[in-house]
Amino acid sequence: MEMLHEFITWLLATVHGWGYAGIFILMALESTVLPIPSELVLIPAGYLAYQGHMSLPLILISSTLGCLFGASINYAFALWVGRPFLERYGKYFFVRPALLHKTDVFFERHGKISTFTGRLIPGIRHLISLPAGLARMNKTAFALYTCLGAGLWSTVLTLLGYFIGGNELLLKEYLQYLSVGVIIFVVLAITAYWQWQQRNGK
């Protein structure tokens, strides 16, 4: 318990010391190739906001823009490097043009919901931008739904830190509930989207 307390104290000092620029950088890294747990960044930031050391709106703006920046790097890499590579050499890796075409069609039809919900799922958050880039998803839609998903996730974690960040035991318990809640929300969102598609004959 003492080690946990010291670790949390170190996190608070680090986030406070780095400020909003640090939140931007860490969340950008979390959205690229370094899956830094956003919980370790935003929950301490929320608690610092509760203490009056940081601003909730600025935390959310820094976090969301950082996520968008990192996700855009993945998107651009997949679009400008991954796509030409697979078009030229994909056959050697069992990626045929027909598969690329199916990916294009899928993201044209379902890219928005995929990007939005993908931003909420641990382990998927930093990867969803890659297939979006490979499929040449509309850049404006990609940016919008990345911000919506990242903004929602950032809000939940930051508010969690704001209200219970000082209670280590309660925080650990709520994090377990949060994981279950996110999965339920994603399932409900996809179900609602599927039903909307059915009603519109898509």
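Residues numbered from 1 in each chain as written. Predicted model: local features only at pLDDT ≥ 70, side-chain atom pairs only at ≥ 80, totals over all residues. Heavy atoms only, no water.

Participant: Report on the environment of His-126, specifying residues and quantitative values.
Facilitator: Take His-126: it is sitting in the loop between α4 (97-118) and α5 (129-134). Given the relative accessible area of 14%, His-126 is considered buried. Taking the C-alpha atoms as reference, His-126 lies 8.0 Å from Leu-34; in sequence the two are 92 residues apart. (Helix = DSSP H or I, 4+ residues; strand = E, 2+ residues; numbered from the N terminus. Buried < 20%, exposed > 50% of the residue type's maximum accessible area, 1.4 Å probe, protein only.)

Participant: Describe the packing of aromatic side chains, naming the residues involved and giving the relevant values.
Facilitator: If you walk through the whole model with that rule in mind, you get five aromatic pairs. With a centroid separation of 5.7 Å and an interplanar angle of 40°, the aromatic rings of Phe-24 and Phe-69 are classed as tilted. Within this pair, whereas Phe-24 is found in helix α1 (residues 2-30), its partner Phe-69 is found in helix α3 (residues 56-89), the two being separated by 45 residues in sequence. When its relative accessible area of 46% is taken as the criterion, Phe-69 is described as partly exposed. Relative to Phe-163, the ring of Tyr-162 lies with its centre 5.1 Å away and its plane at 80°, an arrangement referred to as edge-to-face. Its relative accessible area of 24% is what places Tyr-162 among the partly exposed residues. Members of the aromatic cluster, joined through ring pairs, are Tyr-47, Tyr-50, Tyr-162 and Phe-163. (Phe/Tyr/Trp six-rings, centres within 6.5 Å; stacked < 30°, edge-to-face > 60°.)

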